[in-house]
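Understanding the architecture of this molecule
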Amino acid sequence: MEKIYDLVIVGGGPAGLTSAVYAGRSNLSVLVIEKENVGSLYMAHLVDNYPGFPVGISGKGLQLEMRKQALKFNTEFLNATFLGIDIYSNPKIVKTDKINVKAKAIIIATGTGKFGGKKISGEKEYLGKGVSYCATCDGAFTRNMTVSLFGNGDEVAEEALFLTKYSKEILIFTKDETLQCKKELLDTLTANEKVKIIGNAELQELKGHEYLDFATVKVGEEIKEYTVQYAFMYLGTKNLSELYGEMAKLDDEGYIITDENMKTFTEGIFAAGDVRSKRIRQVTTAVSDGTIAGMEAIKYILMNNKK
Ligand SMILES: Cc1cc2nc3c(=O)[nH]c(=O)nc-3n(C[C@H](O)[C@H](O)[C@H](O)COP(=O)(O)OP(=O)(O)OC[C@H]3O[C@@H](n4cnc5c(N)ncnc54)[C@H](O)[C@@H]3O)c2cc1C
């Protein structure tokens, strides 16, 4: 008979692996589906702010340790690309490019999805060499440098504000006329002489030699080249809506809205980590979400087994 997993977790980053540790340790059968080597943690070259590692640890190294812990509690892994969930079947069916699997409960922990979307020319080539998706994480490496941010909204404004502690000059490029964020944030940024906001701007290309040196940007009708050592990318995750729109409510950026117990509006489907609509996206917050989602999923499975 075809196996029905108690819990299928989509995503093998810190959120998914934490849920796996909790559920596996509770003697549930757990499968983690992961597209290898594409998550945020995997991309982080040095994690300096995850408690317990006083000299820091590479993102890859930390993920490997978390994976080992999940394996210790008998978690199974499937290297595959998640394609969607049949939410109407019972048990639910998780579809991948390799096989389909049946699950009593599902946790979505696929991160921001920034790495799967369409790339700007040079984005992939300079990842870790000037291209970054997280100023809070990499800001400390930008001392006395000219940096750029691409995107719009509160997240970009807060990340730019964080960079004012380190960078020499901060260029914020937005496709809209100006940066749309909370008034107090905008006021603080515009009052800072390090910060320039450039509206009607569309990133065309990132160029350099060994490291990033230039960003080519279309500003209005003009193509301009800016000298920048860092490009922080916040160009949205709307591609996620195709995958999750049916099973969960999404915010304007395409992130999954859950309640505080990580529940989506579909019974038995939870979301944890960066894929959720939230303000702070860090390893610690992903681990916290993973804990809650794991424990709530365990409760859901046990309650439904009784029926
Ligand atoms: C460059 C960089 C540096 C960072 N540095 C720090 C730092 O120093 N400190 C800190 O606290 N945080 C840092 N962060 C943020 C931190 O990495 C994230 O907040 C955290 O990893 C989120 O965990 P997650 O499990 O939600 O998602 P992720 O770590 O992104 O993991 C997502 C998982 O889902 C899988 N996946 C995605 N899509 C699919 C699919 N379609 N099918 C199957 N699997 C899929 C991926 O393979 C991956 O296993 C950094 C982020 C970046 C990008």
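These numbers were taken from a predicted model, which means no experiment stands behind them.

1. With respect to the overall build of the protein
The helix and strand tally for the protein stands at 8 helices and 17 strands. Here the C-alpha radius of gyration of the protein, 20 Å, is about what a compact globule of 307 residues would show, namely 19 Å. Overall size of the protein, expressed as C-alpha extent along the three principal axes, is 65 × 40 × 35 Å. When the 307 residues of the protein are sorted by exposure, 45% land in the buried category. Expressed as a percentage of contacts within the protein between residues at least 6 apart in sequence, the contacts between residues at least 24 apart total 59%.

2. Some points on the pairing of strand E11 (residues 201-208)
Taken together, the 7 bridges between E11 and strand E12 (residues 212-219) define a ladder with antiparallel strand orientation. By the bridge assignment for E12, Ala201 is matched with Val219. The antiparallel pairing of E11 with E12 creates a hairpin that spans 3 residues between the two strands.

3. Some remarks on helix H3 (residues 59-72)
Taking 1.5 Å per residue as the helical rise, H3 with its 14 residues ought to reach 20 Å, and the 20 Å between its terminal C-alpha atoms agrees with that figure. Within the sequence span of H3, burial applies to Gly59, Leu62, Gln63, Met66 and Ala70. Within H3, the buried residues cover an arc of 100 degrees as seen down the axis, which keeps them to one side. Every exposed residue of H3 that faces more than 90 degrees away from the buried side is listed here: Lys68 and Lys72. Structurally, H3 contributes buried residues whose contacts are with helix H1 (14-25), strand E2 (30-34) and helix H2 (40-43).

4. Some points on helix H5 (residues 154-163)
Every buried residue of H5 is accounted for by Val156, Ala157, Glu159, Ala160 and Leu163. Seen along its axis, H5 keeps its buried residues to an arc of 165 degrees; they face one direction. Against the buried residues of H5 lie helix H4 (135-138), strand E8 (146-151), strand E9 (169-173), helix H6 (183-191), strand E10 (195-198) and strand E14 (230-234).

5. Some details on the domain arrangement of the protein
For the protein, the assigned domains read domain 1 (4-114 + 237-306) and domain 2 (131-234). Using C-alpha coordinates to define each centre, domain 1 is positioned 31 Å away from domain 2.

6. Focus: the sheet that holds E11
An order of E11-E12-E13 is seen for the 3 strands of this open sheet, with the pairing classed as antiparallel. In this open sheet, the two edge strands, each paired with only one partner strand, are E11 and strand E13 (222-227). If you compare each strand with its neighbour and ignore which way they point, the axes differ by 25 degrees on average.

7. A word on the site of the ligand
Inspection of the region around the ligand gives 39 residues, with Gly13, Gly39, Gly111, Cys137 and Gly273 positioned closest. Counting residues per element, the ones that place at least two in the shell around the ligand are H1, E2, H2, H4 and helix H8 (283-306). Considering only residue class, the shell around the ligand consists of 18 nonpolar, 15 polar and 6 charged.

8. Focus: the sheet that holds strand E7 (residues 131-132)
Taken in spatial order, the 5 strands of this open sheet run E7-E14-E8-E9-E10, and their pairing is parallel. At either end of the open sheet lies a strand with only one pairing partner, and these are E7 and E10. Two elements, E8 and E9, share 5 bridges in a ladder whose sense is parallel. From the neighbouring strand, Thr146 faces E9, where its bridge partner is Glu169. Together, E8, E9, E10 and E14 form the strand contacts of H5, whose direction differs from that of E8 by roughly 170 degrees.

9. Structural notes on the packing of H1 against H3
Contact geometry for H1 and H3: axes closest at 8 Å, N-to-C directions at 25 degrees. Taken as axis vectors, H1 and H3 run roughly parallel relative to one another. Of the two possible hands of crossing, H1 and H3 adopt the one that is left-handed. Here Pro14, Leu17, Ala20, Val21 and Gly24 of H1 lie close against H3, whose contacting residues are Met66, Arg67, Gln69 and Ala70. Taken together, the residues that form the contact of H1 with H3 break down as 6 nonpolar, 2 polar and 1 charged.

10. A short note on the packing of H5 against H6
Closest axis-to-axis distance for the H5/H6 pair is 10 Å, and the angle between their directions is 40 degrees. When the axes of H5 and H6 are compared, the pair comes out oblique. Here the hand of the crossing between H5 and H6 comes out left-handed. In contact with Asp154, Ala157, Glu158, Ala160 and Leu161 of H5, H6 contributes Leu185, Leu186, Thr188 and Leu189.

11. Description of the environment of Glu210
Considering the arrangement of structural elements, one finds Glu210 in the loop between E11 and E12. Expressed as a C-alpha distance, the spacing of Glu210 and Lys60, which sit 150 residues apart in the sequence, is 22 Å.

Definitions and limits used
- Residues numbered from 1 in each chain as written.
- Predicted model: local features only at pLDDT ≥ 70, side-chain atom pairs only at ≥ 80, totals over all residues.
- Helix = DSSP H or I, 4+ residues; strand = E, 2+ residues; numbered from the N terminus.
- Rg over C-alpha atoms; globule rule 2.2 N^0.38 Å.
- Buried ≥ 20, exposed ≤ 12 C-beta atoms within 10 Å, placed from the backbone.
- Contact = placed C-beta atoms within 7 Å.
- Pairing = 2+ DSSP bridges.
- Expected span 1.5 Å × (residues − 1).
- Arc of directions from axis to C-beta.
- Domains from an automatic or database assignment.
- Axes fitted to C-alpha atoms, helices over the stretch in contact; angles between N-to-C directions.
- Near = placed C-beta within 6 Å.
- Nonpolar A, V, L, I, M, F, W, Y, C, P; charged D, E, K, R; others polar.
- Parallel < 35°, antiparallel > 145°, perpendicular 65-115°, else oblique.
- Left-handed = near helix turned anticlockwise from the far one by under 90°.

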